[in-house]
Every structure is written in structure tokens, then in C-alpha cells.
Amino acid sequence: QVQLVESGGGLVQAGGSLRLSCAVSRRTFGTWTMGWFRQAPGKGREFVAGIRWSGSSGSYADSVKGRFTISKDNNENTVYLQMNSLKPEDTAIYYCATEPRLSATNWIPGPGTSWGQGTQVTVSS
């Protein structure tokens, strides 16, 4: 069982920045993919960004492209989500996730997905 612990959420004004971190309890294979999902009040959980442990480039939802950047530190087993130019519509609980898959593209979570506890991001207008 992989344990994921998020940190870095908070309250920020529109146009501001936040950096989320996700610490993974143990090293996973390079074929695993790490990612971030979010869930706003009254809405379903949606994909935000993802990256393979063995990769260098991330995949992004259209709504965050150009504003969010996913990165990782393999030595520290940590994944980051740098969020810039935040908008009120980015307000949500952000969840870190991982599963054995070859790509973050078209990622639909399932029984094999491990989740963190979530961290709240609130963007005020």
C-alpha cells in the first residue's frame, strides 16, 4: 500500500500562487504515474496534472495549461504542483494520486489508484 501525504494548500487571492507537495511513502517503479486531481463543491473529481516517475514532461487539463506545473523529486519521493495565476474557479480540494500506468493522458482513476487525504485550496476574488 502506497501512502500519500499532501501539503501546501491554503487561501490566496486571485492572481496569486501556491505550491502543493505530495510525499510518497515508498519508491514506486518508473512505470507508475503520479498526478493531481481536484474536487470543487458539488462537482466530481477531475484530473489536473500528471507525470510518470520515469518521465520529465507532464500532462495537464486544458483549464490549467500554462498556469500549473507538475514536477517531481525522485530522490525525495515527492511530487509538486506549482499553481500560478490562480482563479476563483481553481477553488477545490486537491488530491494527490498514483497508480501503475504508462501515461497520465486520459487518466480515469479506479480501484488501483492510491489517494492522499486532500488539501484545500481557496482562491478569493
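A brief look at the structure comes next.

About the cut-offs
- Residues numbered from 1 in each chain as written.
- Predicted model: local features only at pLDDT ≥ 70, side-chain atom pairs only at ≥ 80, totals over all residues.
- Heavy atoms only, no water.
- Helix = DSSP H or I, 4+ residues; strand = E, 2+ residues; numbered from the N terminus.
- Rg over C-alpha atoms; globule rule 2.2 N^0.38 Å.
- Buried < 20%, exposed > 50% of the residue type's maximum accessible area, 1.4 Å probe, protein only.
- Contact = heavy atoms within 4.5 Å.
- Pairing = 2+ DSSP bridges.
- Phe/Tyr/Trp six-rings, centres within 6.5 Å; stacked < 30°, edge-to-face > 60°.
- Lys NZ or Arg CZ within 6 Å of the ring centre and 35° of its normal.

**Some points on the overall build of the protein chain**
Counting its regular elements, the protein chain contains zero helices and eleven strands. When the elements of the protein chain are put in sequence order from the N terminus, they spell out β-β-β-β-β-β-β-β-β-β-β. Computed over C-alpha atoms, the radius of gyration of the protein chain comes to 13 Å, within 12% of the 14 Å expected from 2.2 N^0.38 for 125 residues, which places it in the range of a compact globule. C-alpha extents for the protein chain along the principal axes are approximately 40 × 30 × 25 Å. Here the protein chain holds 125 residues, and the buried ones make up 45% of them. A separation threshold of at least 6 residues defines the contact pool for the protein chain, and within that pool the share at least 24 residues apart is 57%.

**What about unusual backbone geometry?**
Phi is positive for serine 85, which is not a glycine, with a value near 50 degrees. Counting through the fold element by element, serine 85 comes out in the loop between strand E8 (78-83) and strand E9 (92-100). Residue serine 85 is classed as partly exposed on the basis of its relative accessible area of 41%. Unusually for a residue other than glycine, asparagine 106 sits at a positive phi of about 55 degrees. By the element assignment, asparagine 106 lies in the loop between E9 and strand E10 (114-115).

**Re the pairing of strand E4 (residues 32-39)**
For E4, the tally of buried residues reaches seven of eight residues, placing the bulk of the element in the interior. As paired elements, E4 and strand E5 (residues 45-52) share seven bridges and run antiparallel to each other. In the sheet register, phenylalanine 37 faces E5, and the bridge partner there is phenylalanine 47.

**Here we look at the packing of aromatic side chains**
Enumeration over the complete set of coordinates arrives at five aromatic pairs. Ring geometry for phenylalanine 37 against tryptophan 107: centres 5.1 Å apart, planes inclined by 85 degrees, an arrangement best described as edge-to-face. Of the two residues, phenylalanine 37 sits in strand E4 while tryptophan 107 sits in the loop between E9 and E10, which places them 70 residues apart along the sequence. Take phenylalanine 37 and tryptophan 107: they sit in the same class, and that class is buried. Arranged with centres 5.2 Å apart and planes meeting at 70 degrees, the rings of phenylalanine 37 and tryptophan 115 form a pair that is edge-to-face. Pair noted here: phenylalanine 37 is in strand E4 and tryptophan 115 is in strand E10, with a separation of 78 residues, a long-range link. Overall, phenylalanine 37 belongs to the buried group, its relative accessible area being 2%. A network of ring pairs unites the aromatic residues Phe37, Phe47, Tyr95, Trp107 and Trp115 as a single cluster. Cation over ring: arginine 19 sits above tyrosine 80, and NZ or CZ is 3.9 Å from the ring centre.

Functional significance is not addressed by these values, which are geometric in nature.
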